[in-house]
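Observations on the model geometry
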Amino acid sequence: MSDANGNLLFYTDGINVYDPNGTITAGGLLGSVTSTQSAIIVPDPMDINQNQYYIFTTASLAGNNGLRYSIYNALTQNFVPGSFNVQLNPGQVYTEKLCAIEKNNDGGYWIVAHQFNNNIFDVYDLSCGLNTTPIPSSVGANHEGSTINAMGHMKFNRAGNRLAVAVTYGNDLNTSWTNSFGFVQIFDFDLSAGVVSNPMSIGLNGNVDDFSQTSNSGTLHTPYGLEFSNNGTFLYISELGNSWSANDNGINYSPRIFQVDITSSTGPSLIPVAFSSFNNAPTQYLFGALQMGRDRRLYYAVNGCSFLGVIDNPNILWAGAPINIVSQYNNGNFSNCFDLSASLTF
């Protein structure tokens, strides 16, 4: 969490809370460092001193810890008594998806999670305190099957009227790590009522129709990270990938990052903007989270790299050849990281 000028106040990995110097100030949260969107921090709308923050957490792989919240006081660096690891919708397991958006007229925030083993979005109203009874929206495909199907990001666009979800390994009970064709769905979101509706699907049929690095018709393979362009025209999708040289149906394949024009009258088309032909994988994954920066450039995590990739002009239709990141590896100086901090969409 940062202040209005971008100065870091504190942050969390879903387990511990850290000050700007990386010192642990509080711990014991029931998120997970391996959960896709382990935690999100939201200011308490009722705190006129702007010291209190809600920390929402999700368990890894649809675990029993579920969806929880704690209230943290940044001034005292402690949790508010009676508001530590409070479980929302007890008994219900959730996917690893978690995001938040400011409501109309600065009236608080919507907190959105997705249940596992069904197609229900739970939308929580954080205004005059937290309403622990969610607004449910049963829409879109089921998120079900193997618990690894709980993976994948969920993101709002900047206007708050579109919501995208990535289901990295699909919704098959027999999903495997090495042959998985997930999907992405884009929904309308009512910023006044907190209702999700009108799904548009990308790759939902799970068919393997093309693995070309330059084609725009390939089915998604392990979609993971998501981010909208600032103007709302494009959605970017990163493929997590289970290997740099995964061989599916006899075809050698590399994970990619796609740009999708969600305003096209002819439907979504996958335009590759980055891929890798790196064939000596240091870890199991490649492209991770996508995140819009304060400079309105789009950053992406590359597992095994000591830096972030960047797309300088995410509002512009991609017209060039996709970037091959193989030349950008730092001589074996690998960093096993593929997620970026979840943040409010403003």
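Residues numbered from 1 in each chain as written. Predicted model: local features only at pLDDT ≥ 70, side-chain atom pairs only at ≥ 80, totals over all residues. Heavy atoms only, no water.

Across its full length, the chain holds zero helices and 26 strands. The proportion of buried residues among the 346 residues of the chain is 53%. Intrachain contacts of the chain at a sequence separation of at least 6 include 56% that bridge at least 24 residues. (Helix = DSSP H or I, 4+ residues; strand = E, 2+ residues; numbered from the N terminus. Buried < 20%, exposed > 50% of the residue type's maximum accessible area, 1.4 Å probe, protein only. Contact = heavy atoms within 4.5 Å.)

A few words on the packing of aromatic side chains. In the structure shown here, the tally under the stated rule is eleven aromatic pairs. Aromatic pair Tyr11 and Tyr18: ring centres 5.0 Å apart, planes at 10°, arrangement stacked. Under the relative-accessibility criterion, Tyr11 is labelled partly exposed at 30%. Given the relative accessible area of 14%, Tyr18 is considered buried. Consider the rings of Tyr54 and Tyr69, whose centres lie 5.7 Å apart with planes at 35°: the pair is tilted. Of the two residues, Tyr54 sits in strand β5 (residues 52–58) while Tyr69 sits in strand β6 (residues 67–73), which places them 15 residues apart along the sequence. Given a relative accessible area of 6%, Tyr54 falls into the buried group. (Phe/Tyr/Trp six-rings, centres within 6.5 Å; stacked < 30°, edge-to-face > 60°.)

Once that is clear, we can look at the pattern of salt bridges. Applying the stated criterion across every chain, the model contains six salt bridges. Note that Arg297 is salt-bridged to Asp295, the shortest N-O span being 3.1 Å. Three or more residues are tied together by salt bridges with common partners; here these are Asp295, Arg297 and Asp312. (Salt bridge = Lys/Arg side-chain N within 4 Å of Asp/Glu carboxyl O.)

A few words now on the sheet that holds strand β23 (residues 287–292). The strands making up a sheet associate through backbone hydrogen bonding, with each pair oriented either parallel or antiparallel. An order of β23-β24-β25 is seen for the three strands of this open sheet, with the pairing classed as antiparallel. This sheet does not close on itself; its edge strands, each paired only once, are β23 and β25 (308–311). In this sheet, adjacent strand axes meet at a mean angle of 25° when their direction is disregarded. (Pairing = 2+ DSSP bridges. Axes fitted to C-alpha atoms, helices over the stretch in contact; angles between N-to-C directions.)

All right, on to the sheet that holds strand β16 (residues 195–202) then. Read from one edge of the open sheet, four strands run β13-β14-β15-β16, paired in antiparallel fashion. Looking at which strands have only one partner, the edges of the open sheet turn out to be β13 (154–156) and β16. Neighbouring strand axes in the sheet, compared pairwise and without regard to direction, differ in orientation by 20° on average. Judged from the six bridges that link them, strand β14 (residues 162–167) and strand β15 (residues 183–190) form a sheet pairing that is antiparallel. Of the residues in β15, the one forming a bridge with Val165 is Gln185.

With that settled, the discussion passes to unusual backbone geometry. In the Ramachandran plot, Gln50 falls in the positive-phi region, its phi being about 60° despite a non-glycine side chain. Structurally, Gln50 is set in the loop between β4 (39–43) and β5. A positive phi angle, close to 75°, is found at Asn117, a residue other than glycine. On the accessibility criterion, Asn117 (47% relative accessible area) is partly exposed.

Our next topic: the environment of Thr25. Looking at the secondary structure, you find Thr25 in strand β3 (residues 24–26). For Thr25, the contacting residues outside a window of four places in its chain are Val17, Tyr18, Asp19, Tyr72 and Gln77. A distance of 2.8 Å separates a polar atom in the side chain of Thr25 from a polar atom in the side chain of Tyr72. (Polar contact = N/O pair within 3.5 Å; in protein donor to acceptor, adjacent residues only side chain to side chain.)

Right, let's get into the confidence of the model for the chain. Chain-level statistics for the chain give a pLDDT mean of 84 and a share of 82% at 70 or above. Long-range and interchain partners of residues 243–251, a stretch whose pLDDT sits below 50, account for 30 contacts in this model, where long-range means more than four residues apart. (pLDDT = per-residue confidence, 0-100.)

Within the secondary structure layout, Leu240 lies in the loop between β18 (234–239) and β19 (246–248). The sequence separation of Leu240 and Gly225 amounts to 15 residues, and the corresponding C-alpha distance is 7.6 Å.

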